[in-house]
Amino acid sequence: MNNYHIDTKCIQEGYQPKNGEARVVPIYQSTTYKYDSSEHVGKLFDLVEEGFFYTRLANPTVDYVEKKIAALEGGVGAMCTSSGQAASLIAVINICSAGDHLISAGTIYGGTFNLFAVTLKRMGIDVSFVDADASIEELQKEIKDNTKLIFAETIANPALAIADIEKLSTLAHNNGVPLIVDNTFATPINCRPIEFGADIVIHSTSKYMDGHAVALGGVIVDSGNFNWDNGKFPGLSTPDASYHGMVYTRDCGKTAFITKARVQLMRDLGSTPSPNNAFLLNIGLETLHLRMERHCSNALTVAKYLEKQDKISWVNYPGLENNKYYDLAQKYLPNGTCGVISFGIKGGREAAIKFMDSLKLAAIVVHVADARTGVLHPASTTHRQLTDQQLIDCGITPDLIRMSIGIENVDDIVADIEQSLEKL
Ligand SMILES: *Cc1c(COP(=O)(O)O)cnc(C)c1O
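Residues numbered from 1 in each chain as written. Predicted model: local features only at pLDDT ≥ 70, side-chain atom pairs only at ≥ 80, totals over all residues. Heavy atoms only, no water.

### Some remarks on a positive patch on the surface
Then, number 1: Together, Lys311, Lys354, Lys360 and Lys423 give the surface a local cluster of positive charge.
Then, number 2: Position of Lys311 among the secondary structure elements: in the loop between α13 (288–307) and β8 (312–316). (Patch = residues over 30% accessible without salt bridge, like charges linked within 9 Å, V, L, I, M, F, W, Y side chains within 5 Å. Areas by Shrake-Rupley, 256 points an atom, 1.4 Å probe, with all protein chains shown as cover. Salt bridge = Lys/Arg side-chain N within 4 Å of Asp/Glu carboxyl O. Lys, Arg positive; Asp, Glu negative; His and termini not counted. Charge placed at Lys NZ, Arg CZ, Asp CG, Glu CD. Helix = DSSP H or I, 4+ residues; strand = E, 2+ residues; numbered from the N terminus.)

In structure tokens, the structure reads:
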């Protein structure tokens, strides 16, 4: 389906029914699959024949969605996971093991930060958090002999920093390691990191891809472009004793990375999505292109409105011309960034809480990136254990409000903000 526009792929890729079959992706609510001979099942295990044998490893409903997402991102294969966190973990430990090191942008999602700083550290994987805006020469100094990958988010949650993907992929490739990009906030509608040199793309599909806040999920997409056979990745280029001596680079070619992630790590970790959640994700994907357009235009309108209000001290949205990341946003996300904005209210913490509690349409939620407008005041909720100084250190000022702009009529969203500001 290579010649179709991405909008068409959102709807048509993945599942292509034959004569008389269900028009819509069926939910294969089955853990197991029936075969006529043991010999056939043996061939499935040996990966010499394609097919399904156990839903922990693969399921037809999930498989259709994986094919669609691989096509949207321009990869050779994809694997869905039970959550975005599982996708981040599997993508990293498919490459790194105890004694290895990775470099991550410092401004990333809090859950990923904890995974890297606490859990990976405990597993013996060392992580350096860097200022991803630094020059390639500065960043080169962070590379060590045991560095195995570089990690960044296209649009950081919640800092809304934009990654210079070409710079980071050049740095990675100069050092014989891959670049992994978390593309959750941008979605493949607004940016396809593989086109700028990213080797692996991951998502929390719980956000815009699902888009309706109904199903947790994650996905890993393999570009197929990275050469794992350069001596740095023995896990991919030497025999896997746990899979009767399979050498992923030799036996799987371009899909070495994603095959190992599935037959070795998904086999062992079992963070598999349910077929029902994959079905819901697929419905979300069918309107992703339409929803992203509206999320972005609504967010830009709200950001411009907020900029003009006396009671607002600052607005952070990479679609605004005065934003630090405007130029990078124009380069990597020319059609729009995302629906999330952050801003500060004069009067700090107290005013922020009063403003939030007075909103009627926008609900207070921890989630972002679904159809409904939501707000969060990190200083009084997710980050309430931190002092004001600690908050500032991690880029969250006490007055910061994160607003995830939904796809309602933007006049109603602005009117809601207006009536709430009037109460301050
Ligand atoms: C939410 C999120 C995650 C984690 O995903 P879950 O589906 O909640 O596990 C990872 N990365 C980013 C950028 C996110 O926003």
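### Some details on the pairing of strand β5 (residues 179–182)
Then, number 1: Burial of the side chains of β5 extends over both faces: Leu179 and Val181 are buried on one face and Ile180 and Asp182 on the other.
Then, number 2: With four bridges connecting them, strand β4 (residues 147–153) and β5 associate as parallel partners. Its bridge partner being in β5, Phe151 is matched across the sheet by Ile180.
Then, number 3: Remark: the β4/helix α7 (residues 165–174)/β5 crossover connection has right-handed handedness.
Then, number 4: One ladder, built from three bridges, connects β5 with strand β6 (residues 200–204); its direction is parallel. Within β6, the residue paired with Val181 across the bridge is Val201. (Buried < 20%, exposed > 50% of the residue type's maximum accessible area, 1.4 Å probe, protein only. Pairing = 2+ DSSP bridges. Right-handed = clockwise from strand over helix to strand, strands pointing away.)

### Notes on unusual backbone geometry
Comment: phi is negative for the bulk of residues other than glycine, and the bulk of peptide bonds are trans.
Then, number 1: In the segment running from Asn157 into Pro158, the intervening peptide bond is cis, with an omega of 5°.
Then, number 2: For Pro158, the location among the structural elements is in the loop between β4 and α7.
Then, number 3: Residue Leu47 is not a glycine yet carries a positive backbone phi of 60°.
Then, number 4: Turning to its location among the elements, Leu47 is positioned in the loop between α2 (38–45) and α3 (60–73).
Then, number 5: The exposure class of Leu47 is partly exposed, given its relative accessible area of 35%.
Then, number 6: The phi dihedral of Thr187 falls on the positive side, at around 65°, and the residue is not glycine.
Then, number 7: Following the sequence through the fold, Thr187 ends up in helix α8 (residues 187–190).

### Let's talk about the environment of Leu306
Then, number 1: Looking at the element boundaries, Leu306 is found in helix α13.
Then, number 2: Taking relative accessible area as the criterion, Leu306 reaches 0% and is therefore assigned buried.
Then, number 3: Once the C-alpha coordinates of Leu306 and Gly344 are considered, the two residues, 38 residues apart in sequence, prove to be 9.7 Å apart.
Then, number 4: If sequence neighbours within four positions are ignored, Leu306 has contacts with Ile312, Val315, Ile341, Phe343 and Ile417. (Contact = heavy atoms within 4.5 Å.)

### Some points on the nonpolar core
One broad rule of soluble globular proteins: the nonpolar side chains tend to lie buried together.
Then, number 1: Ile69, Leu102, Phe116, Ile165, Ile220 and Trp228 are the most contacted members of the largest nonpolar core, which totals 92 residues.
Then, number 2: With seven residues, the top contributor of residues to this core is helix α11 (residues 256–269).
Then, number 3: A domain-level breakdown of this core finds at least three residues from each of domain 1 (6–284) and domain 2 (289–421).
Then, number 4: Grouped together as the second largest cluster of nonpolar side chains are 28 residues, Cys296, Phe343, Val375 and Leu421 included. (Core = buried A, V, L, I, M, F, W, Y, C linked by side-chain atoms within 4.5 Å. Domains from an automatic or database assignment.)

### Side note on helix α12 (residues 275–285)
Then, number 1: Within α12, the full set of buried residues consists of Pro275, Ala278, Phe279, Leu281, Asn282, Gly284 and Leu285.
Then, number 2: Looking at the buried residues of α12, the elements they touch are α1 (6–12), α3 and α13.

### Some thoughts on the packing of α3 against α12
Then, number 1: Between α3 and α12, the shortest axis-to-axis distance is 8 Å and the interhelical angle comes to 35°. The element α3 and its partner α12 pack so that their crossing is left-handed. On the side of α3, the interface is formed by Thr61, Val62, Val65, Lys68, Ile69 and Leu72, while α12 contributes Pro275, Ala278, Phe279, Leu281, Asn282 and Leu285.
Then, number 2: Class assignment for the residues of the contact of α3 with α12 results in nine nonpolar, two polar and one charged. (Axes fitted to C-alpha atoms, helices over the stretch in contact; angles between N-to-C directions. Left-handed = near helix turned anticlockwise from the far one by under 90°. Nonpolar A, V, L, I, M, F, W, Y, C, P; charged D, E, K, R; others polar.)

### Observations regarding the sheet that holds strand β3 (residues 126–130)
Whether parallel or antiparallel, the strands of a sheet pair through hydrogen bonds between backbone atoms.
Then, number 1: If you walk across this open sheet you meet the seven strands as β1-β7-β6-β5-β4-β2-β3, and the pairing is mixed. Bordering the open sheet on either side are β1 (77–81) and β3, each of which pairs with just one other strand. The sheet shows a mean angle of 20° between the axes of neighbouring strands, direction not considered.
Then, number 2: α11 contacts β1, β6 and β7 (218–222) of the sheet and is inclined by roughly 30° relative to β1.

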